[in-house]
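# Survey of secondary and tertiary structure
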Amino acid sequence: MNVDTATRPGERIASRGGVSIHRWSEDDLPVLRRANTAEMTAFLGGPEPEEKVLDRHKRYLRYWQNGEARMFTIRVDDAAEPVGSVGYWETVWHGEPVYEAGWGIATGYQGRGIASLALAACLGDAATHGDRRAVLAFPRVDNAASNALCRAVGFVCAGEEGFEYPKGHPIRVNAWVYQLRDGAGIAGG
């Protein structure tokens with residue numbers, strides 16, 4: 001992924017149906033703090049200590065600087081503050097360089113179609129700015145909402161597999177594949 005020097009922190013990147021994604025900025029630490037609850041992290045190993053939240057925020061800022069990932073806040077027209085986050089980062093899956101996507105929507109805004117609009121905008125950004133052929137998502141097999149979101153946005157399930165999240169904590173996930181370009185050789189493509 002190339003370093004993006006064209007956008008500024010906090011700048012709107014894309015908008016669909018009253019939902020917009022904005023480049024991660026120094027002001028976005030509260031988004032991570034609001035998402036660091038037992039309910040919001042139930043499928044992610046639970047809340048993190050403050051030091052890990054601060055480290056995550058610093059990484060999101062640094063990722064934009066070095067082109068390693070693109071993290072966004074999610075905004076909706078009827079809310080004063082961001083209602084979540086979405087983004088993608090470089091990884092390798094079964095020997096293939098791909099992106100991995102992740103997202104989170106504040107509890108009070110779930111079930112309104114915000115995640116699907118934000119994730120679709122994020123995938124559009126990956127197709128425009130990325131250099132890999134596919135984006136993967138790995139929701140736990142028991143996370144019905146995230147698995148349904150993957151299906152609704154156009155990911156194809158490549159099957160169930162073992163995963164570690166957080167590191168050292170084995171879980172079972174569905175591996176969902178979204179093709180950005182010719183997917184020859186990518187499972188599920």
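The following paragraphs examine the structure supplied in this document. Note that this is a predicted model, so its numbers are computed, not measured. (Residues numbered from 1 in each chain as written. Predicted model: local features only at pLDDT ≥ 70, side-chain atom pairs only at ≥ 80, totals over all residues. Heavy atoms only, no water.)

Here Asp28 shows up in the loop between strand 2 (19–23) and helix 1 (29–35). Within the buried set, Asp28 has no salt-bridge partner at all; the shortest N-O distance to an opposite charge, 4.7 Å, is to Arg75. Other than its neighbours up to four places away in sequence, Asp28 contacts Arg23, His57, Thr73 and Pro82. (Helix = DSSP H or I, 4+ residues; strand = E, 2+ residues; numbered from the N terminus. Buried < 20%, exposed > 50% of the residue type's maximum accessible area, 1.4 Å probe, protein only. Lys, Arg positive; Asp, Glu negative; His and termini not counted. Salt bridge = Lys/Arg side-chain N within 4 Å of Asp/Glu carboxyl O. Contact = heavy atoms within 4.5 Å.)

Membership of the largest hydrophobic core comes to 38 residues, with the highest contact counts inside it found for Trp24, Ile74, Val86, Leu119, Val135 and Phe155. In terms of residues, this core owes the most to one element, helix 3 (residues 114–129), which gives 7 residues. Residues within four places of Trp24 in sequence aside, it is in contact with Pro9, Gly10, Val31, Leu32, His57, Tyr60, Leu61, Trp64, Met71, Phe72, Thr73 and Ser85. In this structure, Trp93, Ala134, Leu136 and Val177 belong to the second largest nonpolar core, which totals 9 residues. (Core = buried A, V, L, I, M, F, W, Y, C linked by side-chain atoms within 4.5 Å.)

What follows deals with the side chain of Asn143. Looking at the secondary structure, you find Asn143 in the loop between strand 6 (134–137) and helix 4 (144–153). For Asn143, a relative accessible area of 10% translates into the label buried. Side-chain polar atoms of Asn143 contact the backbone nitrogen of Ser146, separated by 3.1 Å. (Polar contact = N/O pair within 3.5 Å; in protein donor to acceptor, adjacent residues only side chain to side chain.)

What the 8 strands build is an open sheet, ordered 1-2-3-4-5-6-8-7; its pairing is mixed. Edge positions in the sheet fall to strand 1 (12–16) and strand 7 (156–164), since each has one partner strand and no second. The average angle at which neighbouring strand axes cross in this sheet is 30°, direction not considered. Examined bridge by bridge, strand 6 and strand 8 (residues 170–179) share 4 bridges and lie antiparallel to one another. Looking at the pairing, Leu136 lines up with Val177 of strand 8. Contacts between helix 2 (residues 50–66) and the sheet are confined to strand 2 and strand 3 (69–76), with strand 3 contributing the most and set at about 120° to the helix. Across the sheet, helix 3 is in contact with strand 1, strand 2, strand 3, strand 4 (84–93), strand 5 (96–105), strand 6 and strand 8; its angle to strand 4 comes to roughly 45°. (Pairing = 2+ DSSP bridges. Axes fitted to C-alpha atoms, helices over the stretch in contact; angles between N-to-C directions.)

Moving on, we get to the pairing of strand 4. Direction of pairing for strand 3 relative to strand 4: antiparallel, over a ladder of 6 bridges. Bridge pairing in strand 4 places Met71 opposite Gly87. With antiparallel pairing between neighbouring strands as the criterion, strand 4 and strand 5 make up a hairpin whose turn holds 2 residues, including His94 at a positive phi of roughly 50°.

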